[in-house]
Amino acid sequence: MKGGASLRRQLLLWLLAPQLVLWLAGAAFTYRLAERYATEAVDASLLQATRTLARQIKPMGHGLLIDLPRAAQDVLEADPRDKLLYTVSSPPGEFILGNALLPTPPREPTPDQPLVYDGRIDNPEGRQQLRVAALTLIASDGLGPGTRMRVQVARSSANREELARRLLLDTLLPLSMLMLALSALVWAGIRAGLAPLQGLRQAVEGRAPNDLRPIQINTAPTELRSLALAINHLLEAVQTTVQGQRRFIADAAHQLRTPLAGLKSQAELALADASPGPQRERLQRVVEAATRSAHLVGQLLSLARAEPEAVGGQRGFEPLDLARLARELTAEWVPRALAAGIDLGMDDASVCNAQVRGQPTLLREALANLLDNALRYAGSGSLVTVAVMPGEAGHWLLSVSDTGPGLAPHLHPQVLERFVRATHEGTGCGLGLAIVREIAERHGGRVRLSSVEPHGLRVELLLPTLGVVSS
């Protein structure tokens, strides 16, 4: 299954993306608003300057007296970035005083009603955008009654744009800080909101495959409790199925062992009384089949007990001395080894105290399978040695080696699988080493095979030392 996007990432995207859109919209709106306020401020100053200049124009005889000292003109035109330009014309359009390049109004202003408009002029510095205020006056004397006069005052638009930008920056700075603070709160809220989900993940990931206890998350939100409840129902159903399977295996064991034992006994009695001939050969094959069937039933039951589903977590695990267990079990198998003509013993170099944490029944089953395989296939006259020694860091190594015919190296990983046999001799069923592997994995360990020179096989079981066993 392909992994989807992170839920945290999706929530951050869906919550922060609208904030970014709102921030951009707010920036655009703020700029428009700042531009409008800056325009209004510039217009007000232009209108005031226009009326002030108009008041400086006084009738005199048959002309006009414009009382605008040179010093005042220098002040008006001192700042090249915010130069105040003016024009006086009478009649409108007939230049009298000021800057003759000021653009004419888009329409003739109504007398005593100022008109503000945008324009531009071309000068040596380049094209310049202006904001212009025009005021038309009707002279009562001087040039003659009813003569029109136009007064224009202009200011560069650079000042207005700079004022708008300053207003925008002054507004966006606190708005950006607010957005960052809100984003941090959103991130913290998402993290806190998803914390129970992280707890649920850890509760599930940290479990052994056979740990079917209900998940406890009483403080989680309602939605997560519903998910945990569904998982608990599933775990309960799985536990019921596993328990039913285990009961079936136990019942099948009792049902199969008794008739197989009876069949084997009757076949052996019949074989003892049978005379040489075809009938005796058939009875011999019946005894071998019954023996193999009984062995197969025992191995299947051992495998069922070794599987993760058959043992609940670390229940039944206890500290034990692996060397002592190996020594005791080896002594129990000596009579069978002597009967098979095999020298079975414990390596004198084995440690005296190899503490591990495990289930004694399963570990005895694992070593019993290793001994059974060695005695079954090593052959008469072979030497079988059991040893316990330090293995890799944090592990004890339990090994069973023999001087039998051994196995080809390419078969070493194959014989650890179920129902795989390296030879058709004997009454084996191909489950012994698979059982050992299952038990090793149940204890957080592993199994490996190696060849013995000049011939033979060594099977090693590595188990974590006490305190570092994996569930």
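As the structure is a prediction and not an experimental result, all values here were calculated from the model.

(A) Spatial organisation of the environment of L137. Within the secondary structure layout, L137 lies in strand β6 (residues 126-139). Note on L137: relative accessible area 16%, which makes it buried. Along the sequence, L137 and Q113 sit 24 residues apart, while their C-alpha atoms lie 9.0 Å from each other. Sequence-distant contacts of L137, defined by excluding residues within four places in its chain, comprise A54, D112, T147, R148 and M149.

(B) Spatial organisation of helix α6 (residues 322-339). Here α6 contains 18 residues, and its C-alpha end-to-end distance of 26 Å stays within 8% of the 26 Å for a straight helix at 1.5 Å per residue. For α6, the complete set of buried residues consists of L322, A323, L325, A326, L329, T330, W333 and A337. With a side-chain oxygen lying 3.1 Å from the backbone nitrogen of A323, the N-terminal cap of α6 falls on D321. At the exit of α6 stands G341, carrying a positive phi of roughly 75 degrees.

(C) Inspection of the sheet that holds strand β11 (residues 383-390) at higher detail. Pairing within the open sheet is mixed, and its five strands lie in the order β9-β11-β12-β14-β13. Strand pairing shows two members of the sheet lacking a second neighbour, β9 (343-346) and β13 (446-451), which therefore form its edges. Strand-to-strand twist of the sheet, defined as the mean angle between neighbouring strand axes without regard to direction, takes the value 15 degrees. As paired strands, β9 and β11 are joined by four bridges and run parallel to one another. Residue L344 lies in a different strand from β11, and its bridge partner there is V384. Against the sheet, α6 contacts β9, β11, β12 (395-402) and β14 (457-464), and its axis sits at roughly 165 degrees relative to β9. The sheet strands contacting helix α7 (residues 360-377) are β9, β11, β12 and β14, and the helix crosses β12 at an angle near 25 degrees.

(D) Up close: the nonpolar core. In this structure, L367, V386, V388 and L449 are the most contacted members of the largest nonpolar core, which totals 46 residues. Looking at this core, the elements that each hand over two or more residues are α6, β9, α7, β11, β12, α8 (432-442), β13 and β14. Top element by residues in this core is α7. It accounts for nine residues. Leave out the neighbours within four places in its chain, and L449 touches L407, H412, V415, L416, L433, L457, R458 and V459. Of all hydrophobic cores here, the second largest spans 15 residues; its members include L46, Y86, V88 and A133.

(E) Fine view of the side chain of H443. For H443, the location among the structural elements is in the loop between α8 and β13. Of note is the side chain of H443, whose polar atom sits 3.0 Å from the backbone nitrogen of Q359.

(F) Fine view of the packing of α7 against α8. Packing of α7 against α8 leaves a shortest axis separation of 9 Å and a crossing angle of 150 degrees. Put simply, α7 runs roughly antiparallel to α8. In the crossing of α7 with α8, the sense of the turn from one axis to the other is left-handed. Between α7 and α8, the contacting residues are L362, L363, E365, A366, N369, L370 and N373 on the first element and G432, L433, I435, V436 and I439 on the second. Partitioning the contact of α7 with α8 into residue classes produces eight nonpolar, three polar and one charged.

(G) Spatial organisation of the pattern of salt bridges. Per the counting criterion, the structure on display carries 14 salt bridges. Connected via shared salt-bridge partners are E392, R446, R448 and E460.

(H) Here's a closer look at the packing of helix α1 (residues 7-55) against helix α3 (residues 157-205). Packing of α1 against α3 brings their axes to within 8 Å, and their N-to-C directions diverge by 165 degrees. By the angle between their axes, α1 is roughly antiparallel relative to α3. For the pair α1 and α3, the sense of crossing is right-handed. Here the contact of α1 with α3 is built from residues that sort into 25 nonpolar, seven polar and five charged.

(I) Inspection of the environment of L370 at higher detail. In this fold, L370 is placed in helix α7. Its relative accessible area of 3% is what places L370 among the buried residues. As a C-alpha pair, L370 and G432 span 62 residues in sequence and 7.2 Å in three-dimensional space. Setting aside residues no more than four positions away along its own chain, L370 makes contact with V400, L433, V436 and V459.

Calculation notes
- Residues numbered from 1 in each chain as written.
- Predicted model: local features only at pLDDT ≥ 70, side-chain atom pairs only at ≥ 80, totals over all residues.
- Heavy atoms only, no water.
- Helix = DSSP H or I, 4+ residues; strand = E, 2+ residues; numbered from the N terminus.
- Buried < 20%, exposed > 50% of the residue type's maximum accessible area, 1.4 Å probe, protein only.
- Contact = heavy atoms within 4.5 Å.
- Expected span 1.5 Å × (residues − 1).
- Polar contact = N/O pair within 3.5 Å; in protein donor to acceptor, adjacent residues only side chain to side chain.
- Pairing = 2+ DSSP bridges.
- Axes fitted to C-alpha atoms, helices over the stretch in contact; angles between N-to-C directions.
- Core = buried A, V, L, I, M, F, W, Y, C linked by side-chain atoms within 4.5 Å.
- Parallel < 35°, antiparallel > 145°, perpendicular 65-115°, else oblique.
- Left-handed = near helix turned anticlockwise from the far one by under 90°.
- Nonpolar A, V, L, I, M, F, W, Y, C, P; charged D, E, K, R; others polar.
- Salt bridge = Lys/Arg side-chain N within 4 Å of Asp/Glu carboxyl O.

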